[in-house]
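Listed below, chain by chain, are the residues.
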Amino acid sequence: MHRRRRTASVLSAAIVAAAPLLTACGSDAHPGAAAVVGGQRITVAQLEGRVNEVRSAQRAATKDEAQYEQAIAKSGSLTRDTLHGMVLDHVLDRAAKDAGVGVTRKDVQQLRGSLEQQAGGAHGLETVWLQQYGIAPGRLDENLRTEIEAQKVAASLGADMNTAAGKATFWKAMSAASKELHIDLNPRYGAWDVQKSGRVDAKTPWLREVTAAETPQSA
C-alpha cells in the first residue's frame, strides 16, 4: 500500500491548494444546517452522524483507551474536515454532471477489488482508509465512487493531474461548479473566505489520485 499512498498524495495536495476557489462566505446560517449547497441542506445532524461513524470505527479498531485517545488526537479537526468533504462531494457531482460523466457500480467494484489485493484483503483496505483518510468502513464504496468520478471529470477535460496545467484545468471546472451551487457554510464551522484562504489547511480525504492502472473503465 506504500505506493498507493504516495500516488494518493498528489491530488490531495491539489485540493488543499485549490480549496479557496470552491468556497463561498456564509454569514446567514440556516437553522439546523451545517451548510447549504445548491439549495440542499447538509444538516448538523447529518454531519454529526458522519463524524460518529468515524469515531465508532476508530474505537472498534483500537485495543485500549490510550490508543483511542491517540487516534482522536490525530484527527482533531474531523468535524470540519468531514463537512468540507461533504460539501466538495456536491461540487464534484455537479462538475461530473456538467462534464456528462458518471460512475457505475462495476467501476467501484473493480477499483475496490484491486485495492483490496494491494491491502491484503477487505479488512486491510478498510483499516488503511480509516487510519489515513478518516473514512469509516461503511463509507468506503462511496469514497471510491468519488475517486473514480474525479478521474473521469479530469479525463473528460483532457486534464493531466500530474501537471500544473492539468490541475488548473480541473480546478477551473470545479470552481465553475461551486459557483453554480452557491455554497453557504454555517459560520459555526468556520468561514470560507476566498481572499483570506479560509479553511485551506483542511484535509479532504474524499478525493485522492487514482492511477491510470487502477482506474476501471466505465461499464
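A. Looking closely at helix 4 (residues 78-99). When the terminal C-alpha atoms of helix 4 are compared, their 31 Å separation across 22 residues agrees well with the 32 Å that a helix rising 1.5 Å per residue should span. Directly beyond the C-terminal end of helix 4, a positive phi value near 70° is found at Gly 100.

B. Representation of helix 2 (residues 44-61). The terminal C-alpha atoms of helix 2 lie 26 Å apart, and with 18 residues this matches the ideal 26 Å at 1.5 Å per residue to within 8%. Restricting attention to buried positions, one finds in helix 2 the residues Val 44, Leu 47, Arg 50, Val 51, Val 54, Arg 55, Ala 57 and Gln 58. Seen from one end, helix 2 has its buried residues packed into an arc of 165°, which puts them on one side. Every exposed residue of helix 2 that faces more than 90 degrees away from the buried side is listed here: Ala 45 and Ala 60. On its buried face, helix 2 sits against strand 1 (33-37), strand 2 (40-43), helix 3 (65-74), helix 4, helix 6 (122-133) and helix 7 (140-156).

C. View of the packing of helix 4 against helix 7. For the pair helix 4 and helix 7, interaxial distance at closest approach is 10 Å and the crossing angle is 40°. Judged by the angle between their axes, helix 4 and helix 7 are oblique. In this structure, the crossing between helix 4 and helix 7 has a hand that is left-handed. On the side of helix 4, the interface is formed by Asp 89, Leu 92, Asp 93, Ala 95, Ala 96 and Ala 99, while helix 7 contributes Glu 142, Arg 145, Thr 146, Glu 149, Ala 150, Val 153 and Ser 156. Looking at the contact of helix 4 with helix 7 residue by residue, the classes come out as six nonpolar, two polar and five charged.

D. Highlighting the side chain of Ser 178. Here Ser 178 lies in helix 8 (residues 164-181). In this structure the side chain of Ser 178 is engaged in a polar contact, spanning 2.7 Å, whose partner is the backbone oxygen of Ser 175.

E. Layout of the pairing of strand 1. Of all five residues that make up strand 1, five are buried, and the element is covered over most of its length. When strand 1 meets strand 2, the two strands line up antiparallel, connected through four bridges. Its bridge partner lying in strand 2, Val 36 is registered against Arg 41. Following strand 1, the chain reverses through two residues before pairing antiparallel with strand 2; Gly 38 in that reversal takes a positive phi of roughly 60°. Pairing of strand 1 with strand 3 (residues 184-185), which is carried by two bridges, proceeds in the antiparallel orientation. Counted as the bridge partner of Val 36 is Asp 184 from strand 3.

F. The pattern of salt bridges, seen in detail. Under the defined criterion, the tally for this structure stands at 11 salt bridges. Taking the shortest distance from any N to any O, the salt bridge between Asp 93 and Arg 145 comes out at 3.5 Å. Pair noted here: Asp 93 is in helix 4 and Arg 145 is in helix 7, with a separation of 52 residues, a long-range link. In this structure, the salt-bridge partner of Arg 94 is Glu 180, at a minimum N-O distance of 2.8 Å. Residue Arg 94 is located in helix 4, and its partner Glu 180 is located in helix 8; the two are separated by 86 residues in the primary sequence. The partly exposed category is assigned to Arg 94, whose relative accessible area is 25%.

What counts, and at which threshold
Residues numbered from 1 in each chain as written. Predicted model: local features only at pLDDT ≥ 70, side-chain atom pairs only at ≥ 80, totals over all residues. Heavy atoms only, no water. Helix = DSSP H or I, 4+ residues; strand = E, 2+ residues; numbered from the N terminus. Expected span 1.5 Å × (residues − 1). Buried < 20%, exposed > 50% of the residue type's maximum accessible area, 1.4 Å probe, protein only. Arc of directions from axis to C-beta. Contact = heavy atoms within 4.5 Å. Axes fitted to C-alpha atoms, helices over the stretch in contact; angles between N-to-C directions. Parallel < 35°, antiparallel > 145°, perpendicular 65-115°, else oblique. Left-handed = near helix turned anticlockwise from the far one by under 90°. Nonpolar A, V, L, I, M, F, W, Y, C, P; charged D, E, K, R; others polar. Polar contact = N/O pair within 3.5 Å; in protein donor to acceptor, adjacent residues only side chain to side chain. Pairing = 2+ DSSP bridges. Salt bridge = Lys/Arg side-chain N within 4 Å of Asp/Glu carboxyl O.

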